[in-house]
Amino acid sequence: MNFPAHRVMALAIASAFAFGSAAHAAAPARAENAYLSQEDAAARSARVSNVDYVLDFTLTGKESFAGTTTATFDLKDTDAALTLDLNKATVKSVTVNGKKVDARYNDWFITIAPQDLAKGRNTVTVAYERLHSTNGEGLHRMVDPVDGRVYTYSHFEPAAAHQMFAVFDQPDLKATYSVTVSAPSDWTVVTTTRETAVADAGASKRWTFKTTKKLSPYNFSLHAGPYKVWEDNSARYPMRLFARQSVASQVTPEDWFRYTKAGLVFFEDYFGIPYQFEKYDQLLVPDFLYGAMENAGAVTFAEAGFMYKAAMTAEQKQRLAAVIMHEMAHQWFGDLVTMKWWNGLWLNESFASFMGTLATAEATEFKDAWQSFYQTGKGAAYVQDQKVTTHPIEVPVPSSANAFDNIDAITYSKGASTLKQLRHLLGEETFRKGVHNYLVKYQWRNATLQDFIGSLGEAAGRDLGGWTKEWLYQPGVNTIEASYTCNGGKIGNFSLAQSAPSKELPTLREQRVQVASFKLDGGKLSLLKNEAVTYKGAKTAVPALNGSACPDLVYPNYQDWGFVKVQLDKRSFETARASLAKVEDPLLRSMLWQSLWDGVRDAKLPLDEFIKVALNNAPQEQDYTLLGDVLGKVVASKQYLDAMNLNNAYSRQTGKALEDMAWNGVVAHKGNDNFQRRWFGAYLNLASSGEALNRLAGLLDGKTPGEGLQIDQDQRWAIIGRLNRYNHAGAAALVEAEKARDKSDTGQGAAVAALASRPDPKAKAEWLGTIEDLKTKLPFSRVRTAMHTIYPAEQAKLSEQTAAKRLASLPALDKAAGPVYMRSYATSMIPASCTPQSVQRLQRAADSMKDLSAFTRRSLLDTLQEDQRCVAIKKAMGAPKS
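All values reported here derive from a predicted model rather than from experimental measurement.

Draft legend 1. Region of the structure containing unusual backbone geometry. A cis amide bond links Glu 157 with the next residue in sequence, Pro 158, at an omega value of 10°. Looking at where Pro 158 falls in the secondary structure, it is placed in the loop between strand E10 (150-155) and strand E11 (175-184). You will see that Asn 647, though not glycine, has its phi angle at about 50°, which is positive. Checked against the element boundaries, Asn 647 lands in the loop between helix H15 (624-644) and helix H16 (649-668).

Draft legend 2. Representation of the packing of aromatic side chains. Applying the stated criterion across every chain, the model contains 51 aromatic pairs. Look at Phe 57 and Phe 165: their rings are 6.5 Å apart centre to centre, the planes differ by 75°, and that puts the pair in the edge-to-face class. In this pair, Phe 57 sits in strand E1 (residues 48-58) while Phe 165 sits in the loop between E10 and E11, placing the two residues 108 residues apart along the sequence. No difference in accessibility class separates Phe 57 from Phe 165, as the two residues are buried. With a centroid separation of 6.4 Å and 85° between ring planes, the pair formed by Tyr 227 and Phe 242 is classed as edge-to-face. Of the two residues, Tyr 227 is situated in the loop between strand E15 (222-225) and strand E16 (228-232) and Phe 242 in strand E17 (residues 239-243); the sequence distance between them amounts to 15 residues. The residues Tyr 227 and Phe 242 share a single accessibility class, namely buried.

Draft legend 3. Broad picture of the sheet that holds strand E20 (residues 298-302). Across the sheet, which stays open at both edges, the five strands sit in the order E16-E17-E18-E20-E19 with mixed pairing between neighbours. Whereas interior strands pair on both sides, the edge strands pair on one side only; in this sheet they are E16 and strand E19 (292-293). One ladder, built from two bridges, connects E19 with E20; its direction is antiparallel. For Ala 292, the partnering residue across the bridge sits in E20 and is Phe 301.

Draft legend 4. Spotlight on the state of the cysteines. Counted by the stated rule, this structure contains two disulfides. At a sulfur-sulfur separation of 2.1 Å, the disulfide partner of Cys 834 is Cys 870. One disulfide, between Cys 834 and Cys 870, carries an S-S torsion of -95° and so falls in the left-handed class. On the criterion of sequence distance, the pair formed by Cys 834 in the loop between helix H26 (819-825) and helix H27 (836-848) and Cys 870 in helix H28 (residues 854-876) is long-range, its members being 36 residues apart. Judged on exposure class, the residue Cys 834 and its partner Cys 870 are both buried.

Draft legend 5. View of the pattern of salt bridges. All told, the structure shown has 45 salt bridges when counted by the stated rule. With a closest N to O distance of 3.4 Å, Glu 428 and Arg 423 form a salt bridge. By relative accessible area, which is 11% here, Arg 423 ends up buried. Among the ionic pairs, Glu 794 bridges to Arg 725, the shortest N-O distance being 2.7 Å. Of the two residues, Glu 794 is situated in the loop between helix H23 (780-789) and helix H24 (796-808) and Arg 725 in helix H19 (residues 713-725); the sequence distance between them amounts to 69 residues. Accessibility expressed as a relative area gives 21% for Glu 794, which makes it partly exposed. Shared partners join several salt bridges into a network, and the residues in it are Asp 255, Arg 258, Lys 317 and Glu 365.

Draft legend 6. Quick look at the sheet that holds strand E6 (residues 104-105). Reading across from one edge, E3-E7-E6 is the order of the three strands in this open sheet, with antiparallel pairing throughout. In this open sheet, the two edge strands, each paired with only one partner strand, are strand E3 (82-85) and E6. Bridge count for E6 against strand E7 (residues 109-112) is two bridges, and the pairing is antiparallel. Opposite Arg 104, over in E7, you have Thr 111 as the bridge partner.

Draft legend 7. Examining the environment of Ala 127 more closely. Inspection of the secondary structure puts Ala 127 in strand E8 (residues 120-131). A residue is classified by how much of its surface remains accessible, and Ala 127, at 19% relative accessible area, is buried. Sequence spacing of Ala 127 and Ala 89 is 38 residues, and the spatial spacing of their C-alpha atoms is 9.7 Å. Among residues more than four places away in sequence, those in contact with Ala 127 are Gly 67, Thr 68, Thr 90, Val 91, Lys 92 and Ser 93.

Draft legend 8. The packing of helix H3 (residues 253-271) against helix H5 (residues 314-332), seen in detail. Where H3 contacts H5, the two axes come as close as 9 Å, and the packing angle between them is 40°. The angle between H3 and H5 places the two elements in the oblique class. Every pair of crossing elements has a handedness; the one defined by H3 and H5 is right-handed. On H5, the residues that touch Asp 255, Trp 256, Tyr 259, Thr 260, Ala 262, Gly 263, Leu 264, Phe 267, Glu 268 and Phe 271 of H3 are Lys 317, Leu 320, Ala 321, Ile 324, Met 325, Met 328, Ala 329 and Trp 332. Residue classes in the contact of H3 with H5 are distributed as 13 nonpolar, two polar and three charged.

Draft legend 9. Quick peek at the nonpolar core. Of all hydrophobic cores here, the largest spans 241 residues; its most connected members are Phe 57 and Phe 165. For this core, the element with the most residues is H15, which contributes 12 residues. Setting aside its immediate chain neighbours within four residues, Phe 165 contacts Leu 55, Phe 57, Thr 69, Asp 85, Leu 86, Tyr 128, Phe 156, Tyr 177 and Phe 220. In this structure, Leu 768, Phe 780, Met 787 and Tyr 825 belong to the second largest nonpolar core, which totals 32 residues.

Draft legend 10. Seen up close, the environment of Ala 175. If you trace the backbone, Ala 175 turns up in strand E11. Given a relative accessible area of 0%, Ala 175 falls into the buried group.

About the criteria used
- Residues numbered from 1 in each chain as written.
- Predicted model: local features only at pLDDT ≥ 70, side-chain atom pairs only at ≥ 80, totals over all residues.
- Heavy atoms only, no water.
- Helix = DSSP H or I, 4+ residues; strand = E, 2+ residues; numbered from the N terminus.
- Phe/Tyr/Trp six-rings, centres within 6.5 Å; stacked < 30°, edge-to-face > 60°.
- Buried < 20%, exposed > 50% of the residue type's maximum accessible area, 1.4 Å probe, protein only.
- Pairing = 2+ DSSP bridges.
- Disulfide = S-S within 2.5 Å.
- Salt bridge = Lys/Arg side-chain N within 4 Å of Asp/Glu carboxyl O.
- Contact = heavy atoms within 4.5 Å.
- Axes fitted to C-alpha atoms, helices over the stretch in contact; angles between N-to-C directions.
- Parallel < 35°, antiparallel > 145°, perpendicular 65-115°, else oblique.
- Left-handed = near helix turned anticlockwise from the far one by under 90°.
- Nonpolar A, V, L, I, M, F, W, Y, C, P; charged D, E, K, R; others polar.
- Core = buried A, V, L, I, M, F, W, Y, C linked by side-chain atoms within 4.5 Å.

Geometric values such as these leave the question of function open.
See below:
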């Protein structure tokens, strides 16, 4: 991993700082560490402008590569030294304005002395070699386990371009990039622009590319390897799709090209600005840290999220369309116009989430995209915003080390929800006009939140300062509840009551919602009245509803305009609980399910009562998108029961009832592949009884009738993983047999997941040792898999064996490892066992471990709160069920 083992040690060793003589080098121009502070970045961009890079790379497929960076730029003054970022390279030479110089290098950045610089135009050339990255950042290298082919790709967000070349690695120093690459002759090289020449050079080829337009470093990219290439020239811009040769059969390029083509048409029309990068390449890459990345003209996607060994389900196709649209929105909002510093990263992601959902709903077959957004992204944002570690949408980012500290559902989905709300508040066309004006005004430049809000406010003719303060700079989610009286069958005194989440988070917000009332009528819930209301403050009267018929249910955020938690009044809550199947509108039905689930999480509705509702209503659900959400809540309910470690008649009977419900769903939907696979996915996640595990084993070996199910390779691994997790007879041998059958990268990862999850103390100890060995030879993608599978909820006793030790070692590990490692470790390996003792242990750690990195500290506090929640949910169930 590309992080210093210890910075103090590096500072003490003079030879680590220079490849030439360090005796006459200038004093450090900034803090001696691996990251760039906002203050230092601002100081550098105040001096440097008009940057152009000429980049030359030699790629061989071996573990290291060679490069030469020539950076040409204007310098305002020579009053101080200047730094150029380059991470953990072997620097061969530095030439400044035609003269070789001895420049100070500390493994993180090169310091160029003032006397070697000139006021005005400067040229700095750095020749170097570097190991390829293996953790998903920089220029990542992967050897395909199937055929031995080597693939490389780059990933630079938030600030990892300097893990590949010497660069001013900050978003507000945009530059052009002229690229040449020598690579093996059977490789294809991809970057922001198309190649202008490819020349044979013996066993290699020399690729030359057209100079790019101005981009922030993190938006530039380079990818190379013997990729399979598909092309489609039916759109206004040429489209290409790339994947490893060994997995090419899992790709359906026609789906990719169809959604890409539709998105380009939609966004050009919506923004009123043509796509700027001349071609649209998309690459499926292995070991990817995130879902996808919006590199200008060359978008990367995680293989694991978009490849399947069977035909895609409707859900999988919708996810593909949504992510394509999200990354495409960034080509305008993020690439064309870019935030000035990392505190603006949320706006990039929020806007892309909003526009990606809008495009999916309006330009593809997935017209229920906003319902999917509510169930997934927005639901996660509500959960995140109720945590003790909630934060404003816009937060300070003191250093590049903190850029991803608060990248979460608030950044993506709460931000997107506020933009959706603002669109309702201002009007759709006014909002679109403001966005267009912003993109035109700041194209090829950097901008701030104030610039964006100013463009919207100008289009609307109103000051959005108050809205901005309420929504973007104050954390927390408010709750609204309908308040009314019923006399003589008519509503009186109808109002909306708004409350803040706590005394510490007192903000009440302005928001426009729809308030709808419903009546049970002939076996269904019928809409009586729907009224659009802009509310603010603690109480807002809604006189338009006075005098209308008394309802059985009132929902004060109908059709999901607002970002707000809904507290159903008592009568509405009982109607929702008893009559879910009678609600015809799937989005409303989804929101009522969420209200019931909120009741569970808030320890107001006993979990066993929710499970009864699910057992009665889930089998009747005919909306495919909503069924996925409901079954997700069912699986989460089972996880709570497992975490509680009840191990009694109730838990066994309930587990069996949930298994039976899921398997009956599989049988009932024979011939309907989408629904059947959805129910089977739930069954896989619920199966724990001997009967269910035997059935899975029978499906695997073909001895159990499959009810029309086609068990593909991914499902085979899922079954094997489940059997190993519960130590089913012969399960361990199945892993080795399947590894021999499936040598693919995903197969090897699935084997790690299965083996790490086995309830075997010796195996746990070995896997824990591998996870915590920062020098392990196991690829980081496998280490991450082990982290997330080693201690499933029902294995609390095994987790407890090392819990105290893991918690005690957290501060030392946090210091020794880097952010990429800790973002996985801290969210999966901090021990919690849903007991008062576990809560107390976490509380002691939270009280004493105040010096953890921001992300790890936050993860510790989140784990504590969720453990407290689990204990409260258990208590709300009353006496242990017998």
